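# Chains, contacts and geometry: an overview
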Amino acid sequence: IAFDLDGTLLTEKKTLTPRTALTLKHFADTGTLLVVCTGRALIGVPDDVSALKGCKYMITANGAAVYEKKDDCSYTLISEHLMDNQRARELMRRLSAYRVMPDPFIDGKCFMYADKRYLIDMMDVSAEMRDYVRMSRTPVENMDEFLSDKKIQKITINFASYPDGHRIDYDETVNILSDYPEFTKVTGGIKNIEVSDVYATKGNALMELSSSLDISPDEIIPTELPFIAPNTSLSTRCAMNFPASSS
């Protein structure tokens, strides 16, 4: 079973309910693999999710980085599709002139311009999401120098908003992104823009992982529906259900 986090597994308050955890334990007890499939960096996967029985693989950063959890609860990177460093740094420099938050994901961690942290409080999202962004980002003073030798998995662009909900400098950001056809751009659940290498998608990462585990693509059913939704049958809740490998 492969599942997204925000808008799927987690509640609006970004928590895992006991009911959902119990349902996942039921599948894990039958030998089914549980696979996180999220736009978050590895650091953003909640502890109670990563601690679930059978949760061995983490598809993160929208497929840019895939990790395997070891017996000692450490993680090994098993697949990575990086952004071109020079072009990503150029994009970051251009965006830094605007009141937006382009946050690079590197080695499973998130970073942000130190002088843009004040914009978090202006995001038109829940208090829980603002807390998550604040907690997960490490501030950097000299971003361009910091990125010079880094392997960039993804850039998430978060937006501050005016009181009427209009995203500040959104149109300018979209215009800049049009100059980078080699990057994939998707909109996340909090009205941000997530930028990665054109090959780095959740679908591609899931196909690569399933192939390495000898799982047929015919056995994978993708869905973005909430994992535990009221009046939804248990079978419908099985996001991307597939059997565990024989190994």
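Predicted model, so just to flag it, every value in this text is computed and none were measured.

Rules behind the numbers
- Residues numbered from 1 in each chain as written.
- Predicted model: local features only at pLDDT ≥ 70, side-chain atom pairs only at ≥ 80, totals over all residues.
- Heavy atoms only, no water.
- Pairing = 2+ DSSP bridges.
- Helix = DSSP H or I, 4+ residues; strand = E, 2+ residues; numbered from the N terminus.
- Contact = heavy atoms within 4.5 Å.
- Axes fitted to C-alpha atoms, helices over the stretch in contact; angles between N-to-C directions.
- Polar contact = N/O pair within 3.5 Å; in protein donor to acceptor, adjacent residues only side chain to side chain.
- Core = buried A, V, L, I, M, F, W, Y, C linked by side-chain atoms within 4.5 Å.
- Buried < 20%, exposed > 50% of the residue type's maximum accessible area, 1.4 Å probe, protein only.

### Considerations on the sheet that holds strand 5 (residues 75-80)
Through backbone hydrogen bonds, the strands of a sheet pair up, either in parallel or in antiparallel fashion. Strand order in this open sheet of five strands is 1-2-3-4-5, and the pairing throughout is mixed. The two strands at the open ends of the sheet, each matched to only one other strand, are strand 1 (2-3) and strand 5. In this structure, strand 3 (residues 55-60) lies alongside strand 4 (residues 65-69), joined through four bridges in antiparallel fashion. Bridge pairing in strand 4 places Met 58 opposite Tyr 67. Packing against the sheet, helix 8 (residues 202-212) makes contact with strand 1, strand 2 (34-37), strand 3, strand 4 and strand 5, and its axis sits at approximately 145 degrees to strand 3.

### Brief notes about the environment of Arg 137
As for its position among the elements, Arg 137 is in strand 8 (residues 137-140). Between the C-alpha atoms of Arg 137 and Tyr 113, which are 24 residues apart in sequence, the distance is 9.3 Å. With near-sequence residues (within four places) excluded, Arg 137 lies in contact with Asp 103, Phe 105, Cys 110, Phe 111, Met 112, Arg 117, Tyr 132, Thr 156 and Asn 158. Polar side-chain contacts of Arg 137 include one of 2.9 Å to the side chain of Asp 103. There is a polar contact of 2.9 Å between the side chain of Arg 137 and the side chain of Ser 136.

### Some thoughts on the nonpolar core
Counting 22 residues, the largest nonpolar core has Met 83, Leu 91, Ile 152, Ile 155, Ile 157 and Val 195 as its most contacted members. Those elements that provide at least two residues to this core are helix 4 (85-95), strand 6 (100-106), strand 7 (109-113), helix 6 (143-147), strand 9 (152-159), helix 7 (170-177) and strand 11 (193-197). Those residues in contact with Met 83, other than ones at most four positions away along the chain, are Ala 88, Ile 152, Gln 153, Lys 154, Ile 155, Phe 183, Val 195, Ser 196 and Asp 197. Listed in part, the 19 residues of the second largest apolar core include Leu 5, Leu 52, Cys 55 and Tyr 67.

Function-wise, these values are silent; they only describe arrangement.
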